[in-house]
Amino acid sequence: MQTLANKSSFLEQNLQLSLLQLTSWPGLSELLQDTAPNLTRICALLARKPSVGMLIPAMLDMQPQVAYALLENLYAKGHISPVGAVLTSEQAALPKSDPLASPELPAATASFLGKVWSRLMDRK
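In this text the structure is predicted, and so the values were computed from the model without any measurement.

The helix and strand inventory of the chain stands at six helices and five strands. Going through the 124 residues of the chain one by one, you find that 29% of them count as buried. Put simply, 72% of the contacts in the chain that link residues at least 6 apart link residues at least 24 apart. Accessible surface computed for the chain: about 8,100 Å², of which carbon and sulfur atoms make up 59%.

Next up, the structure:
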C-alpha cells in the first residue's frame, strides 16, 4: 500500500515528465490571493501551448516547489491533463469552469491574449 507521501511524489514525478495542457480555467472563487498570480501565469502558459511539467518553473522563473504544488492542485481539480490522456471518472465528474476557446480566435481576442502573454512573460 502506498503512503500519502509516496502518492504525492509519484504524482509530482508524473506531472514533471508529462506534456501538460489546460483543459479549463479555474474559477475566480478557486483563486487564493497569494497563489493567484502564479496560478494565472501557469494557466496562461498552458493555454498558449502544452508544456512539459519540468520546464514550467524555468519558463516562468518560479520556484519548482511552488510550481509543482500548483500543478498538482490544477490536476486534482481537472483543470490540466497530460496531452492525449483519457480522463478518469473522477476528473470527468468534476464541473469545468470555462471551456477553452477554439484555436481560431478573432483578431481582437488574439491580440488581447498576445498582450496578456507578453505581460506575463515580462514579469521575469
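After presenting the structure, the write-up continues.
Let's shift gears to the pairing of strand β1 (residues 19-22). Only one face of β1 is buried, namely the one carrying L20 and L22, since none of L19 and Q21 on the opposite face is buried. In this sheet, strand β3 (residues 51-52) lies alongside β1 in antiparallel orientation, the contact comprising two bridges. Among the inter-strand pairings, L19 is bridged to a residue of β3, identified as V52. Pairing between β1 and strand β4 (residues 80-82): three bridges, direction antiparallel. For L22, the partnering residue across the bridge sits in β4 and is I80.

With that settled, consider the nonpolar core. By size, the foremost hydrophobic cluster in this structure holds 20 residues, and its most contacted members are L20, I42, L46, I56, L71 and I80. Listed by contribution, the elements that provide at least two residues to this core are β1, α2 (36-48), α3 (56-60), α4 (64-76) and α6 (107-122). When residues in this core are grouped by element, the largest group, six residues, is from α2.

How each quantity is defined
Residues numbered from 1 in each chain as written. Predicted model: local features only at pLDDT ≥ 70, side-chain atom pairs only at ≥ 80, totals over all residues. Heavy atoms only, no water. Helix = DSSP H or I, 4+ residues; strand = E, 2+ residues; numbered from the N terminus. Buried < 20%, exposed > 50% of the residue type's maximum accessible area, 1.4 Å probe, protein only. Contact = heavy atoms within 4.5 Å. Areas by Shrake-Rupley, 256 points an atom, 1.4 Å probe, with all protein chains shown as cover. Pairing = 2+ DSSP bridges. Core = buried A, V, L, I, M, F, W, Y, C linked by side-chain atoms within 4.5 Å.

Purely spatial values, then, with no claim about function.
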